[in-house]
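The residues making up each chain are set out below.
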Amino acid sequence: MNTTYRSNTFVPNIVFECKKLAEDYDFKDSCSDEVGRLLSVLVGQVKQGKILEVGTGYGVGSSWIISTIAPSVEFISIDNSEEKIALVSDVIKGPQVEFVCGDWQEIINKGPFQFIFADAAVVKNKEAEMLVSTLGNGGMVLLDDFTPEEHWPEEWKGKPDLTREFWLNHPGLISTEIYLTPKTSAILATKINI
């Protein structure tokens, strides 16, 4: 019996290009293929408005997003590294794509956003409430790089996880944590009218 499915193995060519770029610069913090596949499914449902990525890196997440983005949707990705933005913008191009170098707060006025991929620690933690405020009603945020509690190292056990507490208990969000692999998870949250 064949248990290999296209949906679990397919990687768009543009993703390979950005993975190579990250590898060339010894960057190990790109999103995984599991996160990328989830990203492409989720952003494929956004039919109008704007998508924001906070933390461009070398464009792996951006390339997954671009692989299924609707023609009517704008995509903005921001990173504080000029070098990364310059390199990624040479690989990923398009009329609906904008790469910005700077602090993510500089582009809040371009919102509201229908989807946000929060791939930078500061927006998951200290600036989380500000991130929620940039979501349009019904907008969704994806936060990756979580370790399921049963796989926490000993030094984490018994301590509060303020990031999870914020995102999973926020009264203005419907949220869930999903497993992407047995040892990695992500949080999905949708903004609701309250």
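Criteria and thresholds
Sequence order as written defines the numbering, with residues in each chain counted from 1. Note on the predicted model: pLDDT of at least 70 is required for a residue's local features to be given, and 80 or more for side-chain atom pairs to be given and counted; whole-chain, interface and lining totals, by contrast, use all residues. The side-chain values count all of the structure's non-hydrogen atoms but skip hydrogen atoms and water molecules. Here a salt bridge means any side-chain nitrogen of Lys or Arg lying within 4 Å of a carboxyl oxygen belonging to Asp or Glu. A run of DSSP states H or I qualifies as a helix once it reaches four residues; a run of E qualifies as a strand once it reaches two. Both are numbered from the N-terminal end. Burial classes: relative accessible area under 20% of the type maximum marks a residue as buried, over 50% as exposed, and values in between as partly exposed (1.4 Å probe, protein chains only). Here, strands pair whenever DSSP counts at least two bridges between them.

The tally for this structure, following the rule as stated, stands at 9 salt bridges. Between Asp 144 and Lys 124 there is a salt bridge, with the nearest N and O atoms lying 3.5 Å from each other. Separated by 20 residues along the polypeptide, Asp 144 in strand 5 (residues 135-146) and Lys 124 in helix 6 (residues 121-124) bring together distant segments of the chain. Each member of the pair Asp 144 and Lys 124 is classed as buried. Among the ionic contacts, a cluster of salt bridges with common partners joins Lys 124, Asp 144 and Asp 145.

Looking at chain direction, strand 4 (residues 113-118) and strand 5 are connected through 5 bridges and run parallel. Its bridge partner lying in strand 5, Phe 115 is registered against Met 140. In this structure, strand 5 lies alongside strand 7 (residues 184-191), joined through 5 bridges in antiparallel fashion. Residue Met 140 lies in a different strand from strand 7, and its bridge partner there is Thr 190.

Here we take up the environment of Cys 101. Structurally, Cys 101 is set in strand 3 (residues 97-101). A relative accessible area of 32% means that Cys 101 is categorised as partly exposed. Between the C-alpha atom of Cys 101 and that of Phe 115, which follows or precedes it by 14 residues, the distance is 20 Å.

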